[in-house]
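Each chain is listed here by its residues.
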Amino acid sequence: MTPVDRRADDGANCLFPREGAVQTRAAVLRDVGKDFEIVELDLDAPKTGEVLVRLEASGLCHSDDHLRTGDIPVRYPIVGGHEGAGVVEAVGPGVTRLAPGDHVVGSFLPVCGHCRFCARGESNLCDLGRFLFDNSLPDGTFRLHEGATDFGQMCLIGTFSQYAVFPEASTVRIDDDIPFDVAALVGCGVPTGFGTAVNAGEVRPGDTTLVYGVGGVGINAVQGAAYAGAQYVIAVDPVEFKRSTARTLGATHAVASAEEAAALALELTNGVGADQALVTVGVVSEEVVSAAFAAIRKRGTVVLTGLAGPTKKTVQISGFELTLFEKRLQGALFGSSNPFDDIPRLLGLYKAGQVKLDELITTRYSLDEVNRGYEDMMAGRNIRGVIIHEH
Ligand SMILES: NC(=O)c1ccc[n+]([C@@H]2O[C@H](COP(=O)([O-])OP(=O)(O)OC[C@H]3O[C@@H](n4cnc5c(N)ncnc54)[C@H](O)[C@@H]3O)[C@@H](O)[C@H]2O)c1
Ligand SMILES: [Zn+2]
Ligand SMILES: [Zn+2]
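Residues numbered from 1 in each chain as written. Chains lettered and ligands numbered in written order. Predicted model: local features only at pLDDT ≥ 70, side-chain atom pairs only at ≥ 80, totals over all residues. Heavy atoms only, no water.

### Considering the packing of aromatic side chains
The geometry of an aromatic ring pair is captured by the separation of the ring centres together with the interplanar angle, meaning the angle of the planes. The condition is simple: In this scheme Phe, Tyr and Trp rings, the latter by its six-membered ring, pair at centre separations within 6.5 Å, and the angle between planes marks the pair as stacked below 30 degrees, edge-to-face above 60, and tilted otherwise. The helix count covers DSSP runs of H or I at least four residues long, the strand count covers runs of E at least two residues long, and both are numbered beginning at the N terminus. Remark: exposure states derive from per-residue accessible area (1.4 Å probe, protein chains only) relative to the maximum for the residue type, with buried under 20%, exposed over 50%, and partly exposed in between. Throughout this description, the term charge over a ring refers to an Arg CZ or Lys NZ atom that lies within 6 Å of the ring centre and within 35 degrees of the ring normal.
Tallied over the full model, the rule gives 5 aromatic pairs. On the basis of an interplanar angle of 50° and a centroid distance of 5.9 Å, the ring pair of Phe194 and Tyr227 is categorised as tilted. Of the two residues, Phe194 is situated in helix α4 (residues 189–200) and Tyr227 in helix α5 (residues 218–227); the sequence distance between them amounts to 33 residues. Note on Tyr227: relative accessible area 39%, which makes it partly exposed. Its guanidinium or amino end placed over the ring of Phe142, Arg75 lies 4.2 Å from that ring's centre, counting from NZ or CZ.

Printed below as a string of structure tokens:
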């Protein structure tokens, strides 16, 4: 199929300068250290196994800021955004699961369904993850261009764009009655945080769980721990607004520092220590990992979900303590969730009122306001900011 021809549309931003291509406004990073720039790009028609998506909403996850600082190393230039929802406008050859008009969420990790890891039910580790450096489509080529320059798409989707071509492998169909702004959040922050607690942390009824960092990811670790039955969920964040929000979404306690959290965990467990310490801070440091490791009990688990630059040695722990106390340190990507299972599952819990999503959106922005959205995130003013796309 060829893309829907919207040349007759009134939409001023939806121009088709050449057959099969569409122009789209997008927030891009041209190099490390540069802010997002809003540009008009040419978007090719979807190729085999790809779909054209009209993005309606996109969450502002901290990971896109890591692209700006270089903490996540990628090829530039790149269209930011990996937390988005919208409507399928057209499908390329060979696409059977999706059709124009379908409401979809972009999974920040593509899932092929048949590599070794997908076959084991560990689809967050799908071999298609090898494209996350170049951020091309899975055939190795790019769909977004400015003249002769190819633009990558953050996590193969690039949701800070009015339109994008997604791999079918990244495109999860959702029910039509779910608002796009909350749907966007289940492309990354919600499953990442919820799964950090429930999958990687294996929170059990009666547990005492520490969550360091209450952003768009950590707030869902709080929700996940509470949902899984933790008796005590202790949120740790220096920002008072984060602590008060955590208290409304499942935290039994909220404190400003790791020292207070450690003391509280010991007090609540009769000196045993926390069952889990979940690290979801914006930029991980050696201090927070060491504090988390010190706060857990024997055979307790630290889950490391937050990121820092790849050369930073953020894990400096005593092997002696690791061995003799059988402490565990576990990394988690996408909360060790399976996108095509967990995204609809979490939206089901949302519809049932058991996972809160509307409450996670602090501020809505236009695409042009993307840099202000990131300033607000860094200043601690947002649980999650969301871009609402205009067409
Ligand atoms: N592993 C994955 O699959 C995955 C997926 C998405 C995001 N991430 C990473 O998770 C991290 C969190 O993302 P986010 O979007 O929630 O970020 P965010 O900036 O919205 O939230 C981070 C929070 O951490 C708090 N914080 C900072 N330092 C702290 C400290 N020392 N102790 C306690 N709290 C502290 C901040 O006040 C803020 O509230 C980022 O590093 C992001 O890149 C990882
Ligand atoms: Zn993210
Ligand atoms: Zn796979």
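### Topic: helix α11 (residues 370–378)
Just so we agree on the cut-off: Each C-beta atom gives one direction from the helix axis, and the arc is the one those directions make. By the convention used here, residues are in contact when the closest approach between their heavy atoms is within 4.5 Å.
Within the sequence span of α11, burial applies to Val370, Gly373, Tyr374, Asp376 and Met377. Here the buried residues of α11 occupy an arc of 155° about the axis, which is enough to place them on one side. Looking at the packing, one finds that the buried side of α11 touches β1 (22–29), β2 (37–43), α1 (62–69), β17 (361–365) and β18 (384–388). Directly after α11, the chain includes Gly380, whose backbone phi takes a positive value near 80°.

### Examining the coordination of the zinc ion (ligand 3)
Short version of the rule: Coordination partners: N, O, S within 2.8 Å of the metal, 3.2 Å for Na, K and Ca; water not considered, so apparent gaps in a site are possible. Metal sites are grouped by the angles between bound donors: all angles between 85 and 135 degrees with four donors is tetrahedral, opposite donors over 155 degrees apart with the others between 65 and 115 is square planar for four donors and octahedral for six, and any other pattern is irregular.
Bound to the zinc ion (ligand 3) on the protein side are Cys112 (SG), Cys115 (SG), Cys118 (SG) and Cys126 (SG), at distances that span 2.3 to 2.4 Å. Seen from the zinc ion (ligand 3), its 4 donor atoms lie at angles of 105 to 117°, and the figure they make is tetrahedral. Sequence spacing of the donors to the zinc ion (ligand 3): C-x2-C-x2-C-x7-C. The exposure class of Cys112 is partly exposed, given its relative accessible area of 25%. Given the relative accessible area of 9%, Cys115 is considered buried.

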